[in-house]
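Notes for the structure review
Now for the letters of each chain:
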Amino acid sequence: MAAAVRPRLVRALPMSRSSVTAVAASVFHRPVQRQLHHAVIPHGRSGRSSVSGVVATVFGATGFLGRYVVNHLGRMGSQVIVPYRCEPYDVMHLRPMGDLGQIIFLEWNGRNKDSIRRAVEHSNVVINLVGREWETKNFDFEDVFVTIPQAIAQVSREAGVEKFIHISHLNADIKSSSRYLRSKAVGEKEVRNAFPEAIIIKPSDIFGREDRFLNYFANMRWFGGVPLVSLGKKTVKQPVYVVDVSKGIVNAIKEPDATGKTFAFVGPNRYLLFDLVQYVFAVAHRPFFPYPLPHFAYRLIARLFETSPFEPWTTRDKVERVHITDMTLPHLPGLEDLGIQAVPLELKAIEVLRRHRTYRWLASEIEDVKPAKTVNV
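Notes on the structure follow. Since we're looking at a predicted model, the values are computed, not measured. All residue numbers refer to position in the chain's written sequence, counted from 1. Local features in this predicted model are restricted to residues of pLDDT 70 or higher, and side-chain atom pairs are both shown and tallied only at a pLDDT of 80 or more, whereas totals for entire chains, interfaces and linings draw on every residue. Side-chain numbers come from the whole structure's heavy atoms, not from hydrogens or water.

Some words on the packing of helix 9 (residues 273-283) against helix 12 (residues 345-353)
Inclusion rule: Only the stretch in contact is used when fitting a helix axis, every axis being a line fitted to C-alpha atoms; angles between N-to-C directions are given from 0 to 180 degrees. Put simply, DSSP H or I for four residues or longer makes a helix, DSSP E for two residues or longer makes a strand, and each gets a number counted from the N terminus. Reported orientations rely on four angle classes, namely roughly parallel under 35 degrees, roughly antiparallel over 145, roughly perpendicular from 65 to 115, and oblique for the rest. Each crossing is labelled by how the near helix is turned from the far one, with a counterclockwise turn of less than a right angle marking it left-handed and a clockwise turn marking it right-handed. In this analysis, two residues are considered to be in contact whenever any of their non-hydrogen atoms come within 4.5 Å of each other. Following the grouping adopted for this structure description, the nonpolar residues are Ala, Val, Leu, Ile, Met, Phe, Trp, Tyr, Cys and Pro, the charged ones are Asp, Glu, Lys and Arg, and the polar ones are all others, Gly among them.
Where helix 9 meets helix 12, the axes come as close as 10 Å, and the angle between the chain directions of the two elements is 55°. Here helix 12 runs oblique to helix 9, going by the angle between their axes. Handedness of the helix 9/helix 12 crossing: right-handed. Residues Leu 276, Tyr 279, Val 280 and Val 283 of helix 9 touch helix 12, and the partners they reach there are Leu 345, Glu 346, Ala 349, Ile 350 and Leu 353. Along the lines of polarity and charge, the residues of the contact of helix 9 with helix 12 split into eight nonpolar, no polar and one charged.

Rendered as structure tokens:
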């Protein structure tokens, strides 16, 4: 009787997830490369309280684009590891973007590979959004866009990460007059060498509520006018909406054919810089007084702003980037290839620029403003 009962007891014993993984691997004769964690087993209906199977480490999540990426990942039930270098209270706005325990904060050091390894060792997706608009005495553009991304890609490769996504820039070019864009181009190459299957995304200038694009131009009113090199009539821009870029990053994670590809994310319309800035001031209901400023004079003024111990309003490198025409890269896949229809600037500019209006025009509708003139590709 006891012998008959014992096999039943053995079959009734609970097995851990790691044991199930080991047994399955032995049955199908497949070696176990990484220990399967319950967070990467999809279950539940879609939503923040489900589990999508994605465990993503998002470097640079505390920045402008990062908050949107974390929100989209949390919305579909992903576990997100957020490495940070700032004060813990500065990342608290990210905590409600996922279910309880799904947003995990971790201090890290970009110059310490052990710190990077600790952040990616349990993830199957790593997204690099690390960026900086200006250089500091501790981190120059080469550190931010070349050295740190290379280290993250290398460590992610060693840790067995399935997908690595690196954010570059549409105008990244080794021959660019901007050191920012030259460093971005070198960073792309180093990431590709360290992680050949990496997905590289090249967005144009990104606009949104917390951007440094539309807000940058709107704040020029404090200087008695809008200084533009050649009045901005020799520069063409094709800005893209931040939500579209964030959705594109998340869709690239889901798309199996995206591995190893480079994507160019741009908006649907191209504008002369002059017409774009004029539209910004029209939406903000502010007087538009443009005046031409020689390139050397603009750089001289920017050099004075660089001496500020706080965030500089502009820099010499930003002057270069603002007046560089956006590239057209038709040979690269874009947002449409990831199932996203790019949103025109005219539909979302009000979200960014309403705060720049006076009380008199605060509630006026966007239909009162004539759309900006577009340029054919």
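Some thoughts on the packing of aromatic side chains
The line we're drawing: In this analysis, rings of Phe, Tyr and Trp, with Trp reduced to its six-membered ring, are considered paired at centre separations within 6.5 Å, and the interplanar angle assigns stacked below 30 degrees, edge-to-face beyond 60, and tilted for intermediate values. By the criterion adopted, a ring carries a charge over it if an Arg CZ or a Lys NZ lies within 6 Å of its centre and within 35 degrees of its normal.
Counting across every chain of the model gives 14 aromatic pairs. Grouping aromatic residues by their ring pairs yields a cluster made of Phe 213, Tyr 216, Phe 217, Phe 305 and Trp 313. Seen from the ring of Phe 195, Arg 157 lies directly overhead, with NZ or CZ sitting 5.6 Å from the centre. One Lys or Arg, Arg 321, reaches over the ring of Tyr 180 and ends 4.1 Å from the middle of that ring.

Structural notes on the environment of Ala 151
Residue placement: Ala 151 occurs in helix 5 (residues 141-159). Beyond its immediate chain neighbours, meaning those up to four positions away, Ala 151 contacts Lys 113 and Ile 116.

Topic: the pairing of strand 5 (residues 163-167)
The line we're drawing: Classification of residues uses two cut-offs on accessible area relative to the type maximum, computed with a 1.4 Å probe and protein chains only: under 20% is buried, over 50% is exposed, and between them is partly exposed. A strand pair is defined by DSSP finding two or more bridges across the two strands. By convention a crossover is right-handed if, when the strands point away from the viewer, the path from the first strand over the helix to the second runs clockwise.
Among the five residues that make up strand 5, five are buried, leaving the element largely enclosed by the rest of the structure. Neither face of strand 5 is exposed, since Lys 163, Ile 165 and Ile 167 on one face and Phe 164 and His 166 on the opposite face are all buried. As paired strands, strand 4 (residues 125-128) and strand 5 are joined by four bridges and run parallel to one another. Each bridged residue has a counterpart across the sheet, and for Ile 127 the counterpart in strand 5 is Ile 165. A crossover links strand 4 with its parallel partner strand 5, the connecting element being helix 5, and its sense is right-handed. Two strands pair when backbone bridges link them, and strand 5 and strand 6 (residues 199-203) are joined in this way by three bridges, in the parallel orientation. Paired with Ile 165 across the two strands is Ile 199, which belongs to strand 6.

Digging into the pattern of salt bridges
As a reminder of what qualifies: Note on definitions: salt bridges are taken to be side-chain nitrogens of Lys or Arg within 4 Å of carboxyl oxygens of Asp or Glu.
For the structure shown, the criterion picks out 17 salt bridges. Here Asp 317 ties to Arg 321 by a salt bridge, and the two come within 2.6 Å at their closest N and O atoms. In this pair, Asp 317 and Arg 321 both sit in helix 11 (residues 316-322), four residues apart, roughly one turn of the helix. For the pair Asp 317 and Arg 321, one class covers both residues: buried. Beyond isolated ion pairs, a larger network of salt bridges with shared partners links Glu 133, Asp 317, Lys 318 and Arg 321.

Observations concerning unusual backbone geometry
One non-glycine residue, Ser 230, adopts positive backbone phi at about 55°. Within the fold, Ser 230 resides in the loop between strand 8 (226-228) and strand 9 (236-237). For Ser 230, a relative accessible area of 35% translates into the label partly exposed. The residue His 285 is not glycine, and still its phi comes out positive at about 55°. Structurally, the position occupied by His 285 is in the loop between helix 9 and strand 13 (290-292).

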